[in-house]
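Here is how the chains run, residue by residue.
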Amino acid sequence: MSLLNFRRKEADMAATPVSPEMEAFLKGYSIEVMPRTVAKVEDLRDHLAEGTRVYIAHIEGTPIEDMVGAAKRIADEGFDVMPHFPARIIKDAATLENWIAMYQGEAGVKQALLLAGGVDQPHGDFHSSMQLLETDLFGEAGFTHLHVAGHPEGNRDIDPDGGTKLVDEALQWKQKFSETSDAKMALATQFAFEAGPIIEWANSLKAAGIDLPVHIGIAGPAKLQTMIKFAVTCGVGPSIRVLQRRAKDVSKLLLPYEPTEVLSELAAHKAANPDFNIEQVHFFPLGGIKTNAKWAIDHGGASTAPVNAQG
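Residues numbered from 1 in each chain as written. Predicted model: local features only at pLDDT ≥ 70, side-chain atom pairs only at ≥ 80, totals over all residues. Heavy atoms only, no water.

A. Region of the structure containing the overall build of the protein chain. Regarding its fold elements, the protein chain presents 14 helices and 8 strands. Residues counted as buried form 48% of the 311 residues belonging to the protein chain. Here the analysis covers contacts within the protein chain between residues at least 6 apart in sequence; of these, 80% occur between residues at least 24 apart. Counting only carbon and sulfur atoms, one obtains 52% of the accessible surface of the protein chain, whose full area is about 15,000 Å². (Helix = DSSP H or I, 4+ residues; strand = E, 2+ residues; numbered from the N terminus. Buried < 20%, exposed > 50% of the residue type's maximum accessible area, 1.4 Å probe, protein only. Contact = heavy atoms within 4.5 Å. Areas by Shrake-Rupley, 256 points an atom, 1.4 Å probe, with all protein chains shown as cover.)

B. Inspection of the pairing of strand β8 (residues 278-284) at higher detail. The element β8 is largely enclosed, with a buried count of 6 among its 7 residues. Two elements, strand β1 (residues 30-33) and β8, share 2 bridges in a ladder whose sense is parallel. Bridge pairing links Ser-30 to His-282 in β8. (Pairing = 2+ DSSP bridges.)

C. Broad picture of unusual backbone geometry. A positive phi angle, close to 65°, is found at Asp-136, a residue other than glycine. Considering the arrangement of structural elements, one finds Asp-136 in the loop between α6 (129-134) and α7 (137-140). A residue is classified by how much of its surface remains accessible, and Asp-136, at 38% relative accessible area, is partly exposed.

D. Structural context of the sheet that holds β1. Taken together, 8 strands build a closed barrel; the order of strands is β1-β2-β3-β4-β5-β6-β7-β8 and the barrel is parallel. Taken over all neighbouring pairs, the strand axes of this sheet differ in orientation by 30° on average, direction set aside. Across 4 bridges, strand β2 (residues 53-56) lies against strand β3 (residues 80-86) in parallel orientation. Its bridge partner lying in β3, Arg-53 is registered against Asp-80. Across the sheet, helix α8 (residues 165-178) touches β5 (145-150) and β6 (184-191), and the angle it forms with β6 is around 155°. (Axes fitted to C-alpha atoms, helices over the stretch in contact; angles between N-to-C directions.)

E. Looking closely at the packing of helix α9 (residues 195-207) against helix α13 (residues 260-272). Between α9 and α13, the least distance of the axes is 9 Å, while the angle of their chain directions is 40°. As the angle between them shows, α9 and α13 are arranged oblique. For the element pair α9 and α13, the recorded crossing hand is right-handed. Contact with α9, carried on its side by Ala-195, Ile-198 and Ile-199, involves Val-262, Glu-265, Leu-266 and His-269 of α13 and no other residues of that element. Among the residues making up the contact of α9 with α13, the classes are represented as 5 nonpolar, 1 polar and 1 charged. (Parallel < 35°, antiparallel > 145°, perpendicular 65-115°, else oblique. Left-handed = near helix turned anticlockwise from the far one by under 90°. Nonpolar A, V, L, I, M, F, W, Y, C, P; charged D, E, K, R; others polar.)

F. Here's a closer look at the packing of aromatic side chains. Following the criterion strictly, the structure yields 10 aromatic pairs and no others. Aromatic pair Phe-283 and Trp-295: ring centres 6.1 Å apart, planes at 75°, arrangement edge-to-face. Placement of the pair is Phe-283 in strand β8 and Trp-295 in helix α14 (residues 289-298), with a sequence separation of 12 residues. For Phe-283, a relative accessible area of 0% corresponds to the buried category. Residue classification places Trp-295 among the buried positions, given a relative accessible area of 5%. Taken together, the ring pairs in this structure connect Phe-85, Trp-99, Tyr-103, Phe-138 and Phe-143 into an aromatic cluster. (Phe/Tyr/Trp six-rings, centres within 6.5 Å; stacked < 30°, edge-to-face > 60°.)

G. Expanded view of α9. Look at α9: 18 Å from first C-alpha to last across 13 residues, which is about the 18 Å you get at 1.5 Å a residue. The complete set of buried residues in α9 reads Ala-195, Ile-198, Ile-199, Trp-201, Ala-202 and Leu-205. One side of α9 holds all its buried residues, which, seen down the axis, span an arc of 165°. Projecting away from the buried face of α9 at angles above 90 degrees are the exposed residues Glu-200 and Ala-207. In this fold, the buried residues of α9 make contact with β5, α8, β6, β7 (214-219), α13 and β8. Directly beyond the C-terminal end of α9, a positive phi value near 85° is found at Gly-209. (Expected span 1.5 Å × (residues − 1). Arc of directions from axis to C-beta.)

This is the structure:
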């Protein structure tokens, strides 16, 4: 990095006051990519701090070869790789074992997010992350981290009536599994837009005896229209009203949405309640990886800028 660019970077960072609470809350944040989105970024080291955990979303129809290729590239650039394993698109145990072998052989993967997946009809034997865990193939392969999905506002794919009965039962099962697993487990959640309901949900987990750490999903900066589209597609619950209110405000309609308010409130709550069970932030970069990474750095998401960053 040239001295000029370094000074510009320092000036840019100095222009945005960083809250100590926000900096602490964003420490160790993770980010989610897809093979096609990461391919648009020349070098992730220009934007992410070394060692950042990078999840790779596996969308139905994406060839496993593309997933493994993205994992290898991300690992080669110095990041912790956590690919998705969506149960409903995995045909059988032999396919699962093959995927694990490919990821480990090409990219040394030891971390995974296990989830049901966003398809209505399973492609084969599996329909839930619990069934993937029951195979014990991840344990046999020596996976060190196994994350499962969390839903702060429920999930109508699992509880069509809008309740949380089945989601809650699944969490209890995963809690018991975590107590016998050698892998570190955590809940990586769907994104939401209001701090209050997130805090209430997280507290309800503790009250129910679920002590899995929570990695709270947060939508990164994006155009409002883009944010609303993804929120509807992903089944975001009542907190979508934050976007709906913003859409009615002509003065804000054309401005990008940023997660400053929700994260500031969560960070303040964590600072006041150190035992709060949200341990990390997981970003969905709906407005692009570069945009999200810059926002995170500007708000204290890394103690130093990435070593390759250019202005």
